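Residues per chain are reported as follows:
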Amino acid sequence: MTINQIVRNTVERLKAEGKVWTPDAYTEAFCAEAKKAGFAVEDCSGIDRYIALMDKKTVDEVKQYRVRTTAELIRFLISKLSRMNPSEASILVELLSNLAKKMAESIDVLHNPDASALAKKTIAILDEQGGSTQLELLKQAWINFLSVYDDSFLLKLSNFGSLNRGNLRSTIESLSFQSTTAGADYNKIVHSLISSLVPSIAPTMDNATIALSQKLQANPAYIDTDECEKELKTAIAMRIALDKKSVEEMVNALNTLLGKLSTQLIELIERSENSTTEIREVKRDLEALEENKPTDFKTAHKRLYTIATTLEEKVEVLSKDLKVHNEKVSQMGKKIADLESELAQATQASREDFLTKLFNKRAIEEYLNLKEAEYERHGHSFCVAMLDLDHFKAVNDTYGHEAGDAVLIAFSKILKLEARTSDIVGRFGGEEFLAILGDTDLNGGKVFCEKVRAHVEQAHFMYQGQRIAVSVSIGVAQRSDYPSLKALVNGADERLYDAKHKGRNRVEPA
């Protein structure tokens, strides 16, 4: 079972139990599912992971007071801080700050844009001195990232050498790119390879990597040379170096922020002498309550309320600042989402026929050029089929243009249903359609066309309760029988013309 499955089981568990989706409730459910699946999750190990970071004296005190839960551990540490003098607190905060810095350096091993974005968000929140609520949300964001992080993309390198997830340098040094078999699709390999050379964290590529990418794009077969292997190893090393340098810059910025935060925490503790005295007095008052002195409860309550009010005032100032920043971030996020949506719609509209939702003529011509390039480079033959609905003008004249549109939409669905995943079908204009049948000879093209013709002949085209008789004529041609792409398309069109003159509702060549 994977982490993703455990997360899904956690969500189902919370729904089934009807619990409010608070961070604590989610953590409890997640840990239960992880334990059930036999997964050891660090965040579910209770206070053990925190005790491992403490000195022996503190660990002995934790055991002495029988601290069991994280909440009890926090109260114990707060009490311990209250008993410290400012210099001891300063030392402890400094140690915690150094520990946080070392933990931040672990980002160095992540070559991932999501990790980069989350690291920048962490720096921004620390720079703004975020409150406990924001820090808790930030912690949950890191937990979520680690839960769904997937490094399976590294498996692509296993085809070229031994894969060591714990040592990328060892993996890179073991890479060996042997000659590929005859007829290999270099274009696909080169496309994937160039994508993998782009740094995942650093914003730019080095000149050597850019030059290698341009060589591969101009001549994909260059990948099968010894020179390419050497340049590729250098490019991968540079990619990791750029990412590492970018992470180091972020870690240095984080170290600076943590240093400022440490200083501010020390000043806060040194100014909290009066609050510490109040806490001790409240403790004595609460102990008095155990000796049947309920009259002192109001005093204890008042002092507790005073401390809570002081803390609330400090947090309120931070909350107002954070609210302003959050609103700005939300507005920017909405603008970006709107722009992305508009871009996707515009891209789709430029390649899609507005009525049938098939590819339009422009998209079909682009795919024809791609197939032609594959044919010229690798000799992969293909077929082109021209399809035209018989007597379509009569349908418009008899039933109206809305009925004609309904027939075109129904026919496009039949065409998509009969086409294979690798086939390209689209509307070439009016009632004329074109299909590109990849890796298919003339006999295979005839089989496809005959299936479409028979399906149309047997289908019931209905409009407003009336059945409309529809048939289709098809001409099909094979690339290897023609000297050029233009001649191929003209040949399919000529075969369509033959089908029309031989009685329609037929495939040519028969």
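Predicted model, so just to flag it, every value in this text is computed and none were measured.

**What to know about the overall build of the chain**
The helix and strand tally for the chain stands at 19 helices and 7 strands. In the chain, which comprises 510 residues, the proportion classed as buried is 34%. When the accessible area of the chain is evaluated, it comes to approximately 31400 Å², of which 55% is carbon and sulfur surface.

**So, the nonpolar core**
Formed by 33 residues in total, the largest nonpolar core has its most connected members in Leu-387, Phe-411 and Leu-415. When residues of this core are traced back to their parent elements, those giving at least two are β1 (382–389), α16 (392–399), α17 (401–418), β3 (432–438), α18 (442–458), β4 (461–463) and β6 (472–478). Top element by residues in this core is α17. It accounts for 6 residues. The residues touching Phe-411, leaving out its near neighbours within four places in the chain, are Leu-387, Leu-389, Phe-433, Val-452, Val-456, Phe-461 and Val-472.

**Section: the pairing of strand β2 (residues 424–429)**
Among the 6 residues in β2, 5 count as buried, and that is most of the element. Bridging between β2 and β3 involves 5 bridges; their strand directions are antiparallel. Its bridge partner being in β3, Arg-427 is matched across the sheet by Phe-433. Where β2 folds back onto β3 in an antiparallel hairpin, the turn is made up of 2 residues, including Gly-430, whose phi is positive at roughly 60°.

**What to know about the pairing of β1**
With respect to burial, β1 is a largely interior element, 8 of its 8 residues being buried. Burial along β1 is two-sided: the residues Phe-382, Val-384, Met-386 and Asp-388 and Cys-383, Ala-385, Leu-387 and Leu-389 are all buried. As judged from the 7 bridges shared by β1 and β3, these two strands associate in the antiparallel manner. Looking at β3, one finds that Met-386 is bridged to Leu-434. One ladder, built from 7 bridges, connects β1 with β6; its direction is antiparallel. Each bridged residue has a counterpart across the sheet, and for Asp-388 the counterpart in β6 is Ser-473.

**With respect to the sheet that holds β2**
Spatially, β2-β3-β1-β6-β7 is the arrangement adopted by the 5 strands of the open sheet, whose pairing is mixed. Strands with a single pairing partner mark the edges of an open sheet, and in this sheet they are β2 and β7 (507–508). The sheet contacts of helix α15 (residues 361–378) involve β1, β2 and β3, and relative to β2 the element is tilted by about 130°.

**Digging into the confidence of the model for the chain**
Considering every residue of the chain, the mean pLDDT works out to 75; 67% of them sit at 70 or more. Every residue in residues 96–102 is under pLDDT 50, and counting partners more than four places away or in other chains gives 7 contacts. Residue range residues 179–183 is modelled with pLDDT below 50. Its contacts to residues more than four positions away, or to other chains, number 3 contacts.

**Details of the packing of aromatic side chains**
One pass over the structure, following the stated rule, counts 3 aromatic pairs. Between the aromatic rings of Tyr-65 and Phe-76, the centroid separation amounts to 5.8 Å while the plane-to-plane angle is 50°, which identifies the pairing as tilted. A residue pair is termed long-range when its members are at least 10 positions apart, and Tyr-65 in the loop between α4 (56–64) and α5 (70–83) and Phe-76 in helix α5 qualify at 11 residues. Judged by its relative accessible area of 52%, Tyr-65 is exposed. Its relative accessible area of 8% is what places Phe-76 among the buried residues. Positioned over the ring face of Phe-428 is Lys-361, at 5.1 Å from the centre of the ring.

Procedures and definitions
- Residues numbered from 1 in each chain as written.
- Predicted model: local features only at pLDDT ≥ 70, side-chain atom pairs only at ≥ 80, totals over all residues.
- Heavy atoms only, no water.
- Helix = DSSP H or I, 4+ residues; strand = E, 2+ residues; numbered from the N terminus.
- Buried < 20%, exposed > 50% of the residue type's maximum accessible area, 1.4 Å probe, protein only.
- Areas by Shrake-Rupley, 256 points an atom, 1.4 Å probe, with all protein chains shown as cover.
- Core = buried A, V, L, I, M, F, W, Y, C linked by side-chain atoms within 4.5 Å.
- Contact = heavy atoms within 4.5 Å.
- Pairing = 2+ DSSP bridges.
- Axes fitted to C-alpha atoms, helices over the stretch in contact; angles between N-to-C directions.
- pLDDT = per-residue confidence, 0-100.
- Phe/Tyr/Trp six-rings, centres within 6.5 Å; stacked < 30°, edge-to-face > 60°.
- Lys NZ or Arg CZ within 6 Å of the ring centre and 35° of its normal.

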